[in-house]
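What follows is the residue order along each chain.
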Amino acid sequence: MLQSIRDSLHNHKWLGYLVLGALALVFAAWGAYGIVNLSTGSAQYAAEAGGQKISIEAARNAWQQAQQRMGGEIPAPQQAAYQDRLLESMIREALLTDRAHELGYRVSDQAVKDAIRNEPAFQVEGKYNAEVAKSRLEQVGVSLSAFEADLRDSLLRSQIQSGISSSDFLTPAEVERNRALQNEEREVRYVMLSPDKFVGDAPFDDAAVQAYYKTHEAQYMTTESVHLQYAELRLDQLAAQVTVSDADLRAAYDKNKDHYVIPEKRRARHILIPAGKDDAADRKQAQDVLAQAKAGKDFAQLAKQFSQDPGSADKGGDLGWADRNSFVKPFADALFAMKVGEMVGPIKTQFGYHIIKLDEIQPGKARTFEEARPELEAEMRHNMAGDRFGEIQEQLQSKVEQAGNDLAMLAKEFNLQPGDIPQFLRGAGAAPLGAAPPLQDLLFGDSALPPGRIGGPVVLGEDRLVLVKVLEHRKPEPKPVAEVRDTLIAAIRKERGTEGAMKAAQSARAKLESGVAFDAVAKELNIPAEPARFVGRTDPSIPAQLREAAFNSPKPEPKPVYRAVPLDSGGAAVLAVTALRTGGAQPANDQQVAQVRQDAMRHGMEGAMAYVEELRRTSTVRKNPKAFE
């Protein structure tokens with residue numbers, strides 16, 4: 001259920017539901033196997049696996065969410081296979097959870113708490129927000145306790161998976177073999193066949209356009225949208241309504257006088273000799289420059305000549321007015337111990353050696369009440385408005401849950417700003433509400449707000465919330481043919497041209513394999529051929545599809561390998577792989593080291609997959625054949 005909740009929160013595609021840690025994609029492809037009994041002792045379970053039971057309600061909810069993520073009803077012939085894959089993924093989760101308990105793995109309350117706080121769906125501007133968490137869970141119909149329980153199980157399973165995957169390694173021989181493969185180069189030649197040259201003479205009449213549109217209708221759908229009314233509350237709106245008395249302001253000032261102190265500031269110049277490989281030489285140079293300054297040479301000219309600080313050298317080393325917090329500690333300690341006109345150095349920091357001259361001092365002082373009043377009043381208004389914001393949010397939540405409420409009445413009662421958005425799009429949203437994920441989930445998620453009902457309050461940030469009412473929900477529908485006719489004709493041209501180019505490429509491949517020279521084939525196609533050259537696995541000088549085809553081909557030994565390659569951008573290519581070579585022994589570069597680490601991680605994940613595969617194979621699992629009926 002955990003991943004289902006997260007998918008609802010993040011609006012992921014339905015395959016995301018099948019996640020079992022990093023093993024999801026593999027598990028989704030597995031069929032049912034192992035010891036399976038297609039009867040259950042109780043009809044309330046969709047399956048029993050080890051010591052865990054999967055309720056029919058959980059399985060059916062997961063199936064409903066899967067269909068919604070796929071955009072609607074799944075064709076009947078495919079339903080059984082999808083349902084079984086879904087149930088198998090839930091079974092594997094249950095088995096791994098049961099095994100983790102058997103092995104004594106545990107998850108602390110603090111770990112669960114930390115995971116909840118780190119859940120992106122519960123954060124506003126990168127920080128955990130309890131109200132957002134509560135709202136998001138309510139929107140998907142999940143209690144906090146249920147979410148915590150599933151999160152705990154997920155963390156429990158991850159301990160086994162990470163333990164297995166992190167224990168794998170590569171031997172030196174495997175590392176060298178991987179490096180040799182990474183450094184391998186293959187000699188290639190190719191010609192590119194543009195689809196425009198192979199479109200043919202068939203007309204693009206209405207019948208052809210209609211036929212293409214009918215078979216590709218799903219690509220020409222309108223975006224799901226709603227006609228939306230809303231009522232918005234902003235923190236700045238509340239702050240403008242707050243009245244703060246002089247007595248409250250003076251009391252707050254007296255209580256927090258330390259907050260209204262202008263710190264001492266100093267204006268100085270410096271010369272930076274940056275840190276290099278020879279520390280002694282750097283220090284000696286700084287001492288020499290300091291000696292010149294003390295001997296009477298102009299400090300500003302010395303700074304322009306010797307300083308390597310790009311921000312101040314051209315200004316004669318001038319750092320402007322700044323307080324202690326503007327500088328790193330060694331520099332600040334030296335500067336704020338100096339007298340006006342004094343020069344000190346060399347002072348070492350992580351940047352190098354500094355020579356400092358103090359020009360002026362601006363003493364710190366306490367701001368008077370009148371000086372602090374604008375800032376103090378704004379702060380108190382903001383705090384009081386924040387408290388009121390939270391109170392209104394709770395009151396709105398209570399009101400929305402009551403039957404018979406009207407959006408206009410609520411807007412008037414709580415002084416909310418009303419508005420109307422004729423077309424609020426799935427994914428893109430609309431101004432002025434934007435495309436905030438919580439609002440997207442409420443309007444287009446698994447439990448979408450039905451027309452006529454008031455939804456919210458939805459928190460759009462730390463300073464905004466809205467109530468919404470859907471007047472009309474428009475599902476995706478095919479666009480009129482006339483509206484997309486030009487796009488359809490372009491697509492037909494590309495498809496026909498690609499088919500023609502691919503046929504020509506296959507014919508050219510056959511001629512090459514029969515012994516015709518590459519240049520002769522290219523000449524017959526009336527297309528210039530690229531000269532033969534060696535390319536590496538990541539060489540950007542040739543199209544990625546051709547590079548991939550070249551390295552997926554058998555070794556060109558004893559004769560060249562020829563391929564006809566369809567291109568995603570349209571058209572095709574004729575590819576010849578004529579030779580290969582491997583680089584000599586070289587020290588591993590950063591990219592190769594990273595690749596070795598990735599390979600080790602992949603090996604580790606394969607080990608974790610194998611562990612769960614064996615667990616599933618050897619477990620007794622009972623499935624209810626009527627679980628989804």
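Remember, it's a predicted structure, so these values are computed and weren't measured experimentally.

Caption draft 1: Highlighting helix α9 (residues 206-215). Regarding α9, the residues found buried are Ala 208, Val 209, Tyr 212 and Tyr 213. All buried residues of α9 lie within an arc of 130 degrees about the axis, which places them on one face of the element. Of the residues in α9, the exposed ones pointing more than 90 degrees away from the buried face are Asp 206, Ala 207, Lys 214 and Thr 215. On its buried side, α9 packs onto α18 (481-513).

Caption draft 2: Region of the structure containing the sheet that holds strand β15 (residues 454-461). Read across the open sheet, the four strands follow the order β14-β7-β16-β15; overall the sheet is antiparallel. This sheet does not close on itself; its edge strands, each paired only once, are β14 (417-425) and β15. Strand after strand, the sheet turns through a mean of 30 degrees between neighbouring axes, direction not considered. Examined bridge by bridge, strand β7 (residues 225-234) and β14 share seven bridges and lie antiparallel to one another. From the neighbouring strand, Ser 225 faces β14, where its bridge partner is Leu 425.

Caption draft 3: Structural detail: the environment of Asp 387. Tracing the backbone shows Asp 387 in helix α15 (residues 369-401). Using a relative accessible area of 52% as the deciding quantity, one classes Asp 387 as exposed.

Caption draft 4: View of unusual backbone geometry. Between Ala 431 and the following residue, Pro 432, the backbone shows a cis peptide bond with an omega angle of 0 degrees. Mapped onto the elements of the fold, Pro 432 is located in the loop between β14 and α17 (437-444). Cis geometry is found at the peptide bond from Gly 456 to Pro 457, where omega equals 0 degrees. Tracing the chain through its elements places Pro 457 in strand β15. Its identity as a non-glycine residue notwithstanding, Asn 415 has a phi of 55 degrees, on the positive side. Of note, Asn 415 is situated in the loop between α16 (407-413) and β14. Unlike most non-glycine residues, Asn 526 shows phi in positive territory, near 60 degrees.

Caption draft 5: Geometry of the packing of helix α12 (residues 279-294) against helix α13 (residues 299-306). Across the interface, α12 lies against α13 with an axial gap of 10 Å and an inter-helix angle of 155 degrees. Between α12 and α13, the interaxial angle falls into the category roughly antiparallel. Where α12 crosses over α13, the handedness of that crossing is right-handed. Between α12 and α13, the contacting residues are Gln 285, Val 289, Gln 292 and Ala 293 on the first element and Phe 299, Leu 302 and Phe 306 on the second. Taken together, the residues of the contact of α12 with α13 break down into five nonpolar, two polar and no charged.

How each quantity is defined
Residues numbered from 1 in each chain as written. Predicted model: local features only at pLDDT ≥ 70, side-chain atom pairs only at ≥ 80, totals over all residues. Heavy atoms only, no water. Buried < 20%, exposed > 50% of the residue type's maximum accessible area, 1.4 Å probe, protein only. Helix = DSSP H or I, 4+ residues; strand = E, 2+ residues; numbered from the N terminus. Arc of directions from axis to C-beta. Contact = heavy atoms within 4.5 Å. Pairing = 2+ DSSP bridges. Axes fitted to C-alpha atoms, helices over the stretch in contact; angles between N-to-C directions. Parallel < 35°, antiparallel > 145°, perpendicular 65-115°, else oblique. Left-handed = near helix turned anticlockwise from the far one by under 90°. Nonpolar A, V, L, I, M, F, W, Y, C, P; charged D, E, K, R; others polar.

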